[in-house]
Amino acid sequence: MAKPELFDEVVILGMGFVGLTLAAVVAEAGHRVLGVDTNSETISNLNVGRASFYEPNLEIQINNGLTSGNLRFEPILAASQKKRIFIVSVGTPLKGNQLDSGAITSIISTLGECIQEGDLVLLRSTIPVGLTRKIKGAISSKTEKNFLLAMCPERTLEGSALEELRVLPQIVGAPDQISREAARDFFLTFAPKVVQVDSYEAAELAKLSSNIARDVRFGLANEIALACERFRINFEDVRIATIEDYPRDGLARLGPVAGPCLEKDSWIFLESLHRFEGDDIEAHLESSIIKSARLVNESLAGWAISNVNHYLTLKGRNTGPVRILHLGMAFKGNPPTNDLRGSDAIKVFNGLTSNGLNHNYSWDAEVSFEELNQAGLNPVHKDFSQVDFDIIIVHNNHSLNKKKVSEYIDFKKPGDELYILDLCNAIEAKKLLPSNVIYRAFGAAQNA
Ligand SMILES: NC(=O)c1ccc[n+]([C@@H]2O[C@H](COP(=O)([O-])OP(=O)(O)OC[C@H]3O[C@@H](n4cnc5c(N)ncnc54)[C@H](O)[C@@H]3O)[C@@H](O)[C@H]2O)c1
């Protein structure tokens, strides 16, 4: 079978965050890369060097690839006599708590029509355990050609993807050595190390487990933070005490756990279990620490909404309009991203809008005014001066949030009360605040 240098072209299906960052790095490594996406607007923008999301240095690399001729983009994958590697990185979002497999199954007929003898398919999207095997069977039923296939999941962090693709080990899983080795040889053209596992399922589960481990760790921290609220203890004091010069596992930081991967991979794992029939599955799900941690993390948006409503009730302001500024709408603040997918901030924004009484506004250091507007999040301009806010909710830990809050406190009239709810201890308001400002951090000892 062909070695990577014998492949003429790397075709990447899906030019979202995963496919596009990979395309940029693979083209830089000297491969001829074709990026395919069914969204024609995405493709027109890419052909003039514009990405539909922010990732440091990404547009520079896309432009380098376009100039060198190593990178090109098309809305449709055509059949070709070229020997190709096909990398599947289409989206696998959740619908409710179930996988929406529309995009991933749509590539089956595309590949069935285009694959040539000896081509290599690399599945990169995150999928339930067992799905790679079914996809392989479905493609095989549409073509007479023999092809190689490996499951090679993506594990980069948004905001550091280009760097991480060049330094992280890549997982490669396939039952046959020839597919594993072809995938390994390809990844070693830009990554330092490949970890091989001898089934598709082990690779699928390794990816899910990487995110589940984080989700559970954060869920544990958030559960203890919720307990700190009851015990009137500062979570941060407890966390520091668990990690200071102590060599074993300490607590993670508290705060919203969201985004396109962390919010869904635990559910995809649980869905994988449902796919395997057996009497004890419901019992297992009942006692699943993965499910419990996810539910704790998902409860934080409701906690924030209740906290604000409790404050308004205490102040007798729960019947009249209040102006709430939501700061940090992207699903995380550090590393910076403009990705709004799965963001808890949006759930809180919508939850506090639903009673029809509050006027909610938003601002984010990375998400533009236009993007916030398009998402229906009623953005304010960056000096915040056009609205007199009653409440500020800090949703993520972007480094600019603290500065913006501090500037706003200086701007606020001394007689007007301002309630600040800090959901990830981003503000660290140790300094003495003016008497009109009530500061409340999630997991802190004081009550509203
Ligand atoms: N975003 C992350 O941080 C991250 C990290 C690791 C793994 N993943 C996984 O990688 C996969 C892709 O994630 P993403 O964030 O890039 O998704 P995304 O939704 O941003 O991008 C997917 C792209 O695929 C395109 N598409 C859909 N069907 C297509 C088809 N048949 N042919 C060609 N293009 C098609 C869509 O138009 C879209 O642009 C998902 O399974 C995700 O869970 C994501």
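## Topic: helix α5 (residues 131-140)
- Along α5, the positions that sit buried rather than exposed are L131, T132, I135, K136 and I139. Across the axial projection of α5, the buried residues extend over an arc of 140 degrees, all falling on one side.
- Where α5 is buried, its residues touch α4 (102-114), β7 (120-123), β8 (148-151) and α8 (200-231).

## Focus on the packing of helix α12 (residues 289-314) against helix α13 (residues 344-353)
- Where α12 contacts α13, the two axes come as close as 9 Å, and the packing angle between them is 40 degrees. As far as their axial angle goes, α13 and α12 are oblique. Seen from above, α12 lies across α13 with right-handed handedness. Counted together, L300, A301, A304, I305 and V308 of α12 and D344, K347, V348, G351 and L352 of α13 form the full contact between these two elements.
- Grouping the amino acids of the contact of α12 with α13 by side-chain chemistry returns seven nonpolar, one polar and two charged.

## Quick word on the environment of V33
- In this structure, V33 sits in strand β2 (residues 33-36).
- Given 24 C-beta atoms within a 10 Å radius, V33 is considered buried.
- Spatially, the C-alpha atoms of V33 and D8 are 9.2 Å apart, while their sequence positions differ by 25 residues.

## Describing the pairing of β8
- Every second residue of β8 is oriented toward a common face, with L148 and A150 on one face and L149 and M151 on the other, all of them buried.
- Of the pairings in the sheet, the one linking β7 to β8 comprises four bridges and is parallel in character. By the bridge assignment, L122 is partnered in β8 with A150.
- For the handedness criterion, the β-α-β arrangement of β7, α5 and β8 is classed as right-handed.

Rules used in this analysis
- Residues numbered from 1 in each chain as written.
- Predicted model: local features only at pLDDT ≥ 70, side-chain atom pairs only at ≥ 80, totals over all residues.
- Buried ≥ 20, exposed ≤ 12 C-beta atoms within 10 Å, placed from the backbone.
- Helix = DSSP H or I, 4+ residues; strand = E, 2+ residues; numbered from the N terminus.
- Arc of directions from axis to C-beta.
- Contact = placed C-beta atoms within 7 Å.
- Axes fitted to C-alpha atoms, helices over the stretch in contact; angles between N-to-C directions.
- Parallel < 35°, antiparallel > 145°, perpendicular 65-115°, else oblique.
- Left-handed = near helix turned anticlockwise from the far one by under 90°.
- Nonpolar A, V, L, I, M, F, W, Y, C, P; charged D, E, K, R; others polar.
- Pairing = 2+ DSSP bridges.
- Right-handed = clockwise from strand over helix to strand, strands pointing away.

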